[in-house]
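Here's the letter readout for the chains.
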Amino acid sequence: MKSIKVGLLGIGTVGGGTFKVLQRNQEEIMRRAGRGIEIAMVADRDMERARSITNGACEVVNDANLVVSHPDIDIVIELIGGYTIAKELVLKAIANGKHVVTANKALLATHGNEIFAAAHAKGVMVAFEAAVAGGIPIIKALREGLTANRIQWIAGIINGTSNFILSEMRSKGLAFGDVLKEAQRLGYAEADPTFDIEGIDAAHKLTLLASIAFGVPIQFDKAYTEGISQLTAEDIRYAEQLGYRIKLLGIAKRTEAGIELRVHPTLIPAQRLIANVEGVMNAVLVKGDAVGATLYYGAGAGAEPTASAVVADLVDVTRLHTADPGHRVPHLAFQPGSLADTPILPIDAVISSYYLRMRVADQPGVLADITRILADGNISIDAMIQKEPAEGEAQTDIIILTHQAQEKNINAAMAAIGKLSTVLSKVTRIRMEQLN
Ligand code: NDP
Ligand code: HSE
């Protein structure tokens, strides 16, 4: 059978990895797909670099529009990134009847509903395994492998850069900025690294996972997002002393009131497998009502791990290319007409446990005032430590772990505690999950 013809937009970190993996494993991939998969055109702004990678194997152009409108191209791989040009190109490719494979979670989290609707109307596929957790086939697992289940919750380390930073800070005592530079050098970080460290990239991915898990439209604007840039070395150390690790976690949870959709630094018991996921590795825990808890682990970023997911999508699209669109797996796992309008809960309504740290004057009644405020807010204390004041100092740190409470009550208690004259710092709050 004739090879399927692919046009690649962007041959940077992931595009370069994709080109290499496809070339290296060409024969094996062909035996799996049932026909050859040939990158026939590459578009990149840097044509010289593109030519040095493709080495005469295909046509190289600098105008991506030539690829999405070329009559011979069956599948377009979008690996440019960003929302503007990438969106135009993807919509144009769809309008021209081409299938699309993309790793662009930012694009899908913000414009996915429109893109999937356009693809559905045109009867083409938009595959995006590489957009979430790099090389881990989590989309496939959720959309197909776990399709029997009513998914209860998902908790994932889904940003490699921030996990790399947290791991290096904790284990080697390295400074935040130095580790971030290293992550950029290794090609893990987004074009705008604030997406990584402020939790935005993780929220993009979580939004996609939540839609597939719960059958709701993509609603990135309703995700609560808090990154790791405000985390201090002392909180990482105190967490360790209490038997916890701090990870940037994406949590999507079904509750009676609606869906919790939140990304924030989280204390996790140190003995949990997911607490021991280090470096650029990602892991996603999915709890289904039938299967129970399942864990998916692997490299969350980098050229070839991400290429692994891109090529898997290419093979899938190649196999299903001639299938009747009605018999393909729906983009978001649920049939487009069957998406639910379950509300996404505001962060105030979330139920969690909390780590609270405050600097206080070492004098009688301080602790009593703080615990009174917590009790008045219906917040129960699970554990507490008060450090001995350093030699010659009349102040110290108090760390309180709470049982589950509603976030709005915690906020009110934090505000009241902050007003006590004996509390000398702002109250640091980190959410805590047992994940059992
Ligand atoms: P890179 O910046 O390494 O690659 C993007 C490439 O596209 C560059 O070569 C760039 O050229 C080129 N490009 C930019 N604009 C245009 C344009 N208008 N026309 C043609 N070429 C263009 O990014 P990555 O490979 O890291 O990321 C690509 C996508 O994959 C992003 O959506 C990212 O979020 C996603 N992703 C990345 C992962 C990773 O580990 N890096 C993992 C998972 C997903 P120039 O260099 O000149 O700008
Ligand atoms: N910047 C992303 C990360 C790339 O660090 O996880 C993978 O999506």
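Predicted, not measured: the structure shown is a model, and the values here were computed from it.

**Some thoughts on empty space enclosed by the protein**
For the coordinates displayed, the defined rule picks out three cavities of 30 Å³ or more. Of the volumes computed, that of the largest cavity is approximately 150 Å³. Together, 13 residues line the largest cavity, and Met 125, Ala 127, Arg 143, Leu 320 and Val 329 are the ones closest to its centre. Elements supplying a minimum of two residues to the lining of the largest cavity: strand 6 (126–127), helix 7 (138–145) and helix 13 (303–320). Partitioned by chemical class, the residues of the lining of the largest cavity number seven nonpolar, one polar and five charged. Of the voids in this model, the second largest cavity is the one considered here, and its volume is about 60 Å³. For the second largest cavity, the full set of lining residues is Leu 166, Ser 167, Arg 170, Ile 236, Arg 245, Ile 246, Lys 247 and Glu 278. Secondary-structure elements contributing two or more residues to the lining of the second largest cavity are helix 8 (160–172) and strand 9 (244–254).

**Section: the site of ligand 2**
Looking at ligand 2, the residues that line it are Lys 105, Asn 159, Gly 160, Thr 161, Tyr 188, Ala 189, Glu 190, Asp 196, Asp 201, Lys 205, Gly 300 and Ala 301. Between ligand 2 and the protein, one listed contact pairs an oxygen atom with a backbone N or O atom of Gly 160 at 2.7 Å. With respect to ligand 2, the side chain of Asp 196 contributes an N or O atom lying 2.7 Å from a nitrogen atom. Within the complex, the protein chains bury 94% of what would otherwise be the 250 Å² of accessible surface of ligand 2.

**With respect to the site of ligand 1**
Contacts to ligand 1 come from 22 residues, most closely from Asp 44, Arg 45, Arg 49, Glu 190 and Gly 302. Within the side chain of Asp 44, one N or O atom sits 2.7 Å away from an oxygen atom of ligand 1. In the environment of ligand 1, an oxygen atom lies 2.4 Å from a nitrogen or oxygen atom belonging to the side chain of Arg 49. Protein contact buries 81% of the 890 Å² of open area that ligand 1 shows by itself.

**Comments concerning the sheet that holds strand 1 (residues 4–9)**
Read across the sheet, six strands follow the order 3-2-1-4-5-6 without closing on themselves; strand pairing throughout is parallel. Two strands in the sheet have a free side with no partner beyond their single neighbour: strand 3 (59–61) and strand 6. Taken together, the four bridges between strand 1 and strand 4 (residues 75–78) define a ladder with parallel strand orientation. Residue Leu 8 lies in a different strand from strand 4, and its bridge partner there is Ile 77.

**Digging into the pattern of salt bridges**
Scanning the model with the defined rule gives 31 salt bridges in all. Where Glu 27 meets Arg 31, a salt bridge forms, and the shortest distance between an N and an O atom there is 3.7 Å. On the criterion of helical spacing, the pair formed by Glu 27 and Arg 31 is a turn pair, its members being four residues apart in helix 2 (residues 26–33). Comparing Glu 27 with Arg 31 shows no difference in burial state: the two are exposed. A single salt-bridge network, built from bridges that share partners, covers Arg 170, Glu 240, Arg 245, Lys 247 and Glu 278.

**Regarding the domain arrangement of the chain**
Structurally, the chain comprises domain 1 (4–135 + 303–338), domain 2 (138–299) and domain 3 (351–432). Computed over C-alpha atoms only, the centres of domain 1 and domain 2 are separated by 26 Å. In this assembly, 26 residues from domain 1 lie in contact with 25 residues from domain 2. Together, the buried faces of domain 1 and domain 2 total about 2,100 Å²; carbon and sulfur atoms form 64% of this surface. On inspection of domain 1 and its partner domain 2, the count reaches three salt bridges. Listing elements by their share of the side of domain 1 that touches domain 2, those giving two or more residues are helix 6 (105–122) and helix 13. Considering each element in turn, the side of domain 1 that touches domain 2 owes the most residues, eight residues, to helix 6. Residues of the side of domain 1 that touches domain 2, tallied by class, amount to 15 nonpolar, eight polar and three charged.

**Examining the pairing of strand 15 (residues 395–402)**
Along strand 15, seven of the eight residues are buried, which leaves the element largely enclosed by surrounding structure. Sheet topology note: the strand 13 (residues 351–361)/strand 15 ladder contains seven bridges and is antiparallel. Its bridge partner lying in strand 15, Met 358 is registered against Ile 398. The sheet contact formed by strand 14 (residues 381–386) and strand 15 spans five bridges and is antiparallel.

**Description of the packing of helix 8 against helix 9 (residues 176–185)**
The contact between helix 8 and helix 9 brings their axes to 9 Å, and the two run at 135°. Comparing their axes, helix 9 and helix 8 come out oblique. Both helix 8 and helix 9 take part in a crossing whose hand is right-handed. Across the interface between the two elements, Thr 161, Phe 164, Ile 165, Glu 168 and Met 169 from helix 8 touch Phe 176, Val 179, Leu 180, Glu 182 and Ala 183 from helix 9. Per-class residue counts for the contact of helix 8 with helix 9 are seven nonpolar, one polar and two charged.

**What about the nonpolar core?**
By size, the foremost hydrophobic cluster in this structure holds 83 residues, and its most contacted members are Phe 128, Ile 138, Leu 142, Ile 154 and Val 286. When residues of this core are assigned to their parent elements, the largest contribution, nine residues, is made by helix 11 (residues 200–214).

**Quick word on the environment of Ala 309**
With respect to the element layout, Ala 309 can be found in helix 13. Among the residues examined, Ala 309 registers a relative accessible area of 3% and is labelled buried. For the pair Ala 309 and Ile 370, spaced 61 residues apart in the sequence, the C-alpha separation amounts to 50 Å. With residues up to four places along the chain from it excluded, the contact list for Ala 309 reads Glu 129, Ala 130, Gly 134 and Gly 135.

What counts and how
Residues numbered from 1 in each chain as written. Chains lettered and ligands numbered in written order. Predicted model: local features only at pLDDT ≥ 70, side-chain atom pairs only at ≥ 80, totals over all residues. Heavy atoms only, no water. 1 Å grid on protein atoms, 1.4 Å probe; cavity = no way out; pocket = protein on both sides within 12 Å on 5 of 7 lines; lining within 4 Å. Points joined across faces, edges and corners; volume = space filled by probe spheres on them. Helix = DSSP H or I, 4+ residues; strand = E, 2+ residues; numbered from the N terminus. Nonpolar A, V, L, I, M, F, W, Y, C, P; charged D, E, K, R; others polar. Near = heavy atom within 4 Å. Polar contact = N/O pair within 3.5 Å; in protein donor to acceptor, adjacent residues only side chain to side chain. Areas by Shrake-Rupley, 256 points an atom, 1.4 Å probe, with all protein chains shown as cover. Pairing = 2+ DSSP bridges. Salt bridge = Lys/Arg side-chain N within 4 Å of Asp/Glu carboxyl O. Buried < 20%, exposed > 50% of the residue type's maximum accessible area, 1.4 Å probe, protein only. Domains from an automatic or database assignment. Contact = heavy atoms within 4.5 Å. Buried area = accessible area lost by both parts, 1.4 Å probe. Axes fitted to C-alpha atoms, helices over the stretch in contact; angles between N-to-C directions. Parallel < 35°, antiparallel > 145°, perpendicular 65-115°, else oblique. Left-handed = near helix turned anticlockwise from the far one by under 90°. Core = buried A, V, L, I, M, F, W, Y, C linked by side-chain atoms within 4.5 Å.

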